[in-house]
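Report on the structure
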Amino acid sequence: MTVDLRVKLSDMHLKTPLILASGILGLSARMLAEISKIESVGAVTTKSIGLKPRDGYPNPTIVVLPYGFINSMGLPNPGVESFLAELDEAGSFDSPLIASFYGYNIDEIAEVAKIIARHQAVSALELNVSCPHVSGISEIGFKPELVAEAVAKVKKCIDKPLFVKLSPNTHLVVEVARAAAEAGADGVTAVNTVKAMVIDTELCRPILSGVYGGLSGPALKPIALRCVYEIYEEVDIPIIGCGGVSSYLDVVEFMLAGASAVALGSIIALKGVEVFGELARGLSKYLERKGIRSVREIVGLSHR
Ligand code: RRO
């Protein structure tokens, strides 16, 4: 039996439900274009891009733990104009390119969206209102009314699908998803990292230069999965599941919870892009074993 891994996400057609998450190998446009050519890659997402260049935080910016990473990169990015210039040189994309972006207020968010959406290589936008350790970002993403305002304003300026990346660091994750949906968002990405920290017991001070960071990897997975499940129960909007996927069964779990596609982050940083092929093969075998023809059939199946 041949199984079908294709999924549709808003108006994008993905060869597989596997997406490269924002912040992973996504700073160079040329590298993203290369990754988009890998057979089992469904879509690729850029590092979050803002209006102006940002250096990010000084080292140390990442701590490796037995159950995941804590990062505090601090939103390093070249700024929207330089990033688009890079995109001009990057060559073609064989899978949809999702441009992640941010702003410190609603006017700035709309301005960045307008500039990015003009680039023909960009298939969709993902609004990051959920970075846990750069001030001014989650402050928007924790407030359903501000997210609704941002989404409505952005949708007026662009004619491409808009996703909103949600924070797990609020009890209002479903309310924020609902606000995004009602304001016209085409999907949500659930979720960004969990706010966390590490302390050096010899130096007796926080290890990360930014003090706080975002926890990703296996420890995040059950939290992210719960967010996807809750949103699927309450809000009628496509969901990209994101958080700690490290095996094809994790992909299956996210889809059963209600995700139409699944973004991969820490596992790619750890093991490289070969993982896309491994997960796609595992997913196909799972579907074959279950006698399911299309991966689309398992989306939300655990809610029966
Ligand atoms: O750059 C970062 O430090 C970062 C961002 Br923008 C984000 O959205 N999530 C995260 O864990 N790190």
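Our structure is the block above this text.
Everything in this summary refers to the structure shown in the same document.

Reading guide: rules and limits
Numbering of residues begins from 1 in every chain and follows the order in which that chain's sequence is written. Per-residue local features of the predicted model are confined to residues with pLDDT of at least 70, and side-chain atom pairs are confined, for both listing and counting, to 80 or more; whole-chain, interface and lining totals are unaffected and use all residues. Based on all heavy atoms of the structure, the side-chain values leave hydrogens and waters out of the count. In this analysis an axis means a line fitted to C-alpha atoms, helices contributing only their contacting stretch, and an angle means the value between N-to-C directions, from 0 to 180 degrees. Elements are defined by DSSP. Helices are runs of H or I of four residues or more, strands are runs of E of two residues or more, and each kind is numbered from the N terminus. Each helix crossing is assigned a hand: it is left-handed if the near helix lies turned anticlockwise from the far helix by less than a right angle, otherwise right-handed if that turn is clockwise. Contacts between residues were defined by any pair of non-hydrogen atoms, one from each residue, lying within 4.5 Å. In this classification, Asp, Glu, Lys and Arg are treated as charged, Ala, Val, Leu, Ile, Met, Phe, Trp, Tyr, Cys and Pro as nonpolar, and every other residue, Gly included, as polar. The buried label applies to any residue whose accessible area, calculated with a 1.4 Å probe on protein chains only, is under 20% of its type's maximum; exposed applies above 50%, and partly exposed to all values in between. The arc in question is traced by the directions running from the helix axis to the C-beta atoms. Pairing between strands is defined by DSSP: at least two bridges between them are needed.

Okay, the packing of helix H8 (residues 248-257) against helix H10 (residues 274-290) next. Their axes nearest at 8 Å, the elements H8 and H10 cross at an angle of 65°. Relative to H10, the crossing made by H8 is right-handed. Residues Tyr 248, Leu 249, Val 251, Val 252 and Leu 256 of H8 lie in contact with H10, whose contacting residues are Leu 279, Gly 282, Leu 283 and Tyr 286. A breakdown of the residues in the contact of H8 with H10 according to their chemical character gives 8 nonpolar, 1 polar and no charged.

Next up on the list: helix H1 (residues 29-36). What H1 keeps buried is the set Ala 29, Leu 32, Ala 33, Ile 35 and Ser 36. One side of H1 holds all its buried residues, which, seen down the axis, span an arc of 165°. Elements that come into contact with the buried residues of H1 comprise strand E3 (18-20), strand E4 (43-45), helix H2 (80-89) and strand E7 (97-101).

What follows covers unusual backbone geometry. For the peptide bond that leads from Asn 59 to Pro 60, omega is -5°, which places it in the cis range. Secondary-structure assignment places Pro 60 in the loop between E4 and strand E5 (62-65). Cis rather than trans, the peptide bond between Ala 190 and Val 191 has omega equal to 15°. Backbone geometry at Cys 204 places phi at a positive 60°, although glycine is not the residue there. Looking at the element boundaries, Cys 204 is found in the loop between strand E12 (199-200) and strand E13 (205-206). A relative accessible area of 63% means that Cys 204 is categorised as exposed.

As a further point, take the sheet that holds E5. Taken in spatial order, the 4 strands of this open sheet run E5-E6-E14-E11, and their pairing is antiparallel. Each edge of the open sheet carries a strand with a single partner, namely E5 and strand E11 (194-197). Neighbour-to-neighbour, the strand axes of the sheet open up by a mean angle of 35°, direction not taken into account. In this sheet, strand E14 (residues 212-216) lies alongside strand E6 (residues 68-71) in antiparallel orientation, the contact comprising 3 bridges. Paired with Ile 70 across the bridge in E14 is Leu 215.

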